[in-house]
Amino acid sequence: MSTRIKILSANSESYKAMMNLEMTLQTTSLSNIQKELIKTRASQINQCAFCLDMHTKDALKYGETAQRLFLLNAWRETDLFTEEEKVILAMTEEITLISQKGLTDETYEKATQFFDEEQIKSIIMAVITINMWNRIAISTHLQVPKN
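Conventions used here
Residues numbered from 1 in each chain as written. Predicted model: local features only at pLDDT ≥ 70, side-chain atom pairs only at ≥ 80, totals over all residues. Heavy atoms only, no water. Salt bridge = Lys/Arg side-chain N within 4 Å of Asp/Glu carboxyl O. Helix = DSSP H or I, 4+ residues; strand = E, 2+ residues; numbered from the N terminus. Buried < 20%, exposed > 50% of the residue type's maximum accessible area, 1.4 Å probe, protein only. Phe/Tyr/Trp six-rings, centres within 6.5 Å; stacked < 30°, edge-to-face > 60°. Core = buried A, V, L, I, M, F, W, Y, C linked by side-chain atoms within 4.5 Å. Contact = heavy atoms within 4.5 Å.

K.L.:
Can you walk me through the pattern of salt bridges in this structure?
P.N.:
Oppositely charged side chains may form a pair once their charged atoms are brought near each other. A complete count under the given rule lists twelve salt bridges for this structure. The shortest N-O distance in the salt bridge between Glu36 and Lys39 comes to 3.9 Å. Placement of both Glu36 and Lys39 in helix H2 (residues 32-46) is noted, with a separation of three residues, approximately one turn of the helix. Comparing Glu36 with Lys39 shows no difference in burial state: the two are buried. Among the ionic pairs, Glu117 bridges to Lys121, the shortest N-O distance being 3.6 Å. One end of the pair is Glu117 and the other is Lys121, both in helix H7 (residues 117-139) and four residues apart, which spans about a single turn.

Dropping the structure here:
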């Protein structure tokens, strides 16, 4: 891959705003595991290797299991995820794949059974934010660090 602009080291107001948004999301009531499931699942859909590498490592650090990460792409086919996590994953997929149908009424209504309004806002914003990061990483060819 060709080298492209190093947008993450740029001192731009846009990048600062993105970082502020990311820091704000750290203060929500969503658990670290829930946030990493969102980030990992969206990054799988968007095929963002850089973000997949980062967020699977972070998920493991927060106590996520390798088995659940290996099966995340097939979460509907396993009982390893809670009902709350399944709603989060459905929301992540529908928002990430917004051109297909967007966040459906069915999924939104299911979310209201498990989450309050602030948590639903946080889930939506977390999905939107990782999608922005995926687009930055992919369009600038961010490389996965070799360990």
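K.L.:
Would you mind showing me how to read the packing of aromatic side chains here?
P.N.:
Under the defined criterion, the tally for this structure stands at two aromatic pairs. Between Tyr15 and Trp133, the ring centres sit 6.0 Å apart and the planes meet at 75°, which makes this aromatic pair edge-to-face. With Tyr15 in helix H1 (residues 13-25) and Trp133 in helix H7, the pair connects residues that are 118 residues apart, well separated along the chain. Here Tyr15 and Trp133 have matching classes, each one buried. Relative to Phe115, the ring of Phe114 lies with its centre 6.5 Å away and its plane at 55°, an arrangement referred to as tilted. Residue classification places Phe114 among the partly exposed residues on the basis of a relative accessible area of 29%. Relative accessible area serves as the criterion here: at 8%, Phe115 is assigned to the buried category.

K.L.:
Please explain the nonpolar core as it appears in this structure.
P.N.:
Most often, soluble globular proteins keep nonpolar side chains buried together rather than apart. Judged by nonpolar contacts, the single largest core of 22 residues is most densely connected at Ile38, Cys51, Phe115, Ile123 and Trp133. Going through the elements one at a time, H1, H2, helix H3 (49-61), helix H5 (83-96) and H7 are the ones with two or more residues in this core. Considering each element in turn, this core owes the most residues, eight residues, to H7. Every residue in contact with Cys51, bar those within four places of it in the chain, is listed here: Ser43, Ile130, Trp133, Asn134 and Ala137. Core analysis: the second largest hydrophobic core is formed by seven residues, Ile33, Leu72, Trp75 and Ala90 among them.

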